[in-house]
Amino acid sequence: MSKDWTLSIDFGTSNTAAAHTNPTRGGVEAVNLSHGRMTMPSSVYIEGSDAVSTGDAALNKAESANGGIFIPSPKRVIPGAIHVNGHEIPASTPVAAVLKTVVDRASREHNNERPTELVLTHPEAWSDNEIKVLLDAASQLGLNATTITTVSEPKAAAKYYSIYEPLKPGDKIAVFDFGGGTLDVAVIEAQHDASFNIVAARGNDNIGGRSFDALIRHWLNEQLEDDHPEVLSYLKSEATREEVHALEDSIRRAKELLSEESAASIAVPAPSQPIRLQITRSEFEEIVRPKLRSIIEVTRGALEDAGINSPEDLKALYLTGGSSRVPIVQEELKKLGPVSTLDDPKLVVAQGAISAACLLYTSPSPRDRQKS
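For clarity, every value in this text was computed on a predicted model and none was experimentally measured.

Caption draft 1: Focus on the packing of aromatic side chains. Under the defined criterion, the tally for this structure stands at five aromatic pairs. On the numbers, 5.7 Å between centres and 75° between planes, the contact of Phe 178 with Phe 212 is edge-to-face. Highlighted residues: Phe 178 in strand β12 (residues 172-178) and Phe 212 in helix α5 (residues 209-227), separated in sequence by 34 residues. Since its relative accessible area comes to 0%, Phe 178 is described here as buried. A residue is classified by how much of its surface remains accessible, and Phe 212, at 0% relative accessible area, is buried. Linked through ring pairs, Phe 176, Phe 178, Phe 212 and Phe 284 together constitute an aromatic cluster. A cation over an aromatic ring shows up here: Lys 75 above the ring of Trp 126, its NZ or CZ 5.8 Å from the ring centre.

What follows is the structure in structure tokens.
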């Protein structure tokens, strides 16, 4: 006898996360999506209508395969289309591929039974046309008329926060969502019925963890130009795609390590054997300072739009998204409000989405509580 269960998917610009109602332990838990990680890359590699790879497999294909098209961030394509071998493919196709991978992996933990409820998150600023792409993608999954609900990402995060830190009607929190590819800040007010109202929202689609990676790469090139010009020349003209990808991965891992350590090293491909360059946290903080100013401007603007004139007017400045872990980001945000984090910031939107969706079953809105 099958057992009803709910799956939520936070389809991100760089990475995708998911949560489900656990079949044995009860409650809401994150889904293991890729080799011990709770997230998977949102990347898609399309070779043909019946040959689509996602996540780590897509990244692997992009390094070695030819003749296909690599889409590192399908979310950025929405609501447009992709052109492959003279054919136009709607944005819902790569999105559906990512959603299907998540549904398949989550279903393994439920004896391969498909979810009876599916919750999809989206940016607060998305239009109905953009949300429709998510619903069109979900309709391709063959879930047998499963109920499909859409919830905005900041409302999902706010619901997760309120489970552990109860909010009174009128309390305001800001959700600072800083992921791999985008920054979104929303100010949310708790309502009497335990729902949330978006008071103000701002964002920047050109600032994210990858922006920091690009700044580190620029710094690295300057170091090589001064001390190892032959290595820089090799990177620009002779390095293979695999070597370039390995360098990008080493930069990302060094950046993440600097959230915990005072220094990290980057492995750089070279003509004979790789060399290692060290970067300190203070150097990293100086490198990213221009982007940091933009981040604070977006956040301050959202707070001002909401009438937040001092940190005391805000119950919490709640951090989500993997890039919000960067210490200098948190230090600067503390000047604007009481910073708060709960668990892994990469997962709170997916986990909060299930609880947020439950409210929509009794209080539907035109943009939410959608059925396939």
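Caption draft 2: Expanded view of the sheet that holds strand β6 (residues 51-54). Spatially, three strands are ordered β6-β5-β7 in an open sheet, and the strand pairing comes out antiparallel. Here the strands that pair on one side only, and so sit at the sheet edges, are β6 and β7 (69-71). Here the strands of the sheet are splayed against their neighbours by 15° on average, with no regard to which way each runs. Alignment of strand β5 (residues 44-48) against β7, held across three bridges, turns out to be antiparallel. Bridge pairing in β7 links Tyr 45 to Phe 70. Seen against the sheet, helix α1 (residues 55-64) touches β5, β6 and β7 and runs at an angle of roughly 110° to β6.

Caption draft 3: Representation of the packing of α5 against helix α7 (residues 241-257) within the structure. Closest axis-to-axis distance for the α5/α7 pair is 10 Å, and the angle between their directions is 110°. Compared by their axis directions, α5 and α7 come out roughly perpendicular. For the pair α5 and α7, contact is made by Gly 209, Phe 212, Asp 213, Ile 216, Arg 217 and Leu 220 and by Leu 247, Ile 251, Arg 252 and Lys 255, respectively. Its residues assigned to classes, the contact of α5 with α7 comprises five nonpolar, one polar and four charged.

Caption draft 4: A look at the side chain of Lys 75. Relative to the elements of secondary structure, Lys 75 occurs in the loop between β7 and β8 (81-84). You can call Lys 75 buried: its relative accessible area is 10%. If we ignore the near neighbours within four places in the chain, the residues touching Lys 75 are Phe 11, Gly 12, Thr 13, Pro 123, Trp 126 and Glu 153.

Caption draft 5: Region of the structure containing the environment of Asn 32. Structurally, Asn 32 can be placed in the loop between β3 (28-30) and β4 (39-41). Separated by 64 residues in sequence, Asn 32 and Ala 96 place their C-alpha atoms 19 Å apart. Residues contacting Asn 32, with those up to four places away along its chain left out, are Arg 37, Met 38 and Glu 109.

Caption draft 6: The arrangement of the nonpolar core in detail. Judged by nonpolar contacts, the single largest core of 48 residues is most densely connected at Phe 176, Leu 224, Ile 266, Val 268 and Val 329. With nine residues, helix α8 (residues 281-305) is the largest single contributor of residues to this core. Those residues in contact with Val 329 that lie beyond four places of it in its chain are Phe 176, Phe 178, Phe 212 and Leu 292. Counting 35 residues, the second-largest nonpolar core is a separate cluster that includes Ile 46, Ile 89, Trp 126 and Val 133.

Caption draft 7: Geometry of the sheet that holds β12. The strand order β14-β13-β12-β17-β18 describes an open sheet built from five strands, whose pairing is mixed. In this open sheet, the two edge strands, each paired with only one partner strand, are β14 (196-204) and β18 (339-340). Sheet topology places β12 next to strand β17 (residues 316-320); five bridges connect them, and they run parallel. The residue of β17 that forms the bridge with Ala 174 is Leu 317.

Caption draft 8: Highlighting the pattern of salt bridges. With the rule as written, the count across this model stands at 16 salt bridges. Between Asp 249 and Arg 253 there is a salt bridge, and its shortest N-O distance comes to 3.0 Å. One end of the pair, Asp 249, and the other, Arg 253, are both in helix α7, four residues apart, so they sit about a helical turn from each other. Owing to a relative accessible area of 24%, Asp 249 belongs among the partly exposed residues under this scheme. Glu 256 serves as the salt-bridge partner of Arg 252, at 3.3 Å between the closest nitrogen and oxygen.

Caption draft 9: Expanded view of the confidence of the model for the chain. For the chain, the average pLDDT comes to 90, and 94% of its residues sit at 70 or higher. Confidence over residues 361-367 falls short of pLDDT 50; this stretch has twelve contacts with residues more than four positions distant or in other chains.

Caption draft 10: Local environment of the environment of Pro 271. Looking at where Pro 271 falls in the secondary structure, it is placed in the loop between β15 (263-268) and β16 (275-280). On the basis of relative accessible area, Pro 271 is assigned to the exposed category, the value being 54%. Apart from residues lying up to four places away in sequence, Pro 271 is in contact with Glu 230, Val 231 and Tyr 234.

Rules used throughout
Residues numbered from 1 in each chain as written. Predicted model: local features only at pLDDT ≥ 70, side-chain atom pairs only at ≥ 80, totals over all residues. Heavy atoms only, no water. Phe/Tyr/Trp six-rings, centres within 6.5 Å; stacked < 30°, edge-to-face > 60°. Helix = DSSP H or I, 4+ residues; strand = E, 2+ residues; numbered from the N terminus. Buried < 20%, exposed > 50% of the residue type's maximum accessible area, 1.4 Å probe, protein only. Lys NZ or Arg CZ within 6 Å of the ring centre and 35° of its normal. Pairing = 2+ DSSP bridges. Axes fitted to C-alpha atoms, helices over the stretch in contact; angles between N-to-C directions. Contact = heavy atoms within 4.5 Å. Parallel < 35°, antiparallel > 145°, perpendicular 65-115°, else oblique. Nonpolar A, V, L, I, M, F, W, Y, C, P; charged D, E, K, R; others polar. Core = buried A, V, L, I, M, F, W, Y, C linked by side-chain atoms within 4.5 Å. Salt bridge = Lys/Arg side-chain N within 4 Å of Asp/Glu carboxyl O. pLDDT = per-residue confidence, 0-100.

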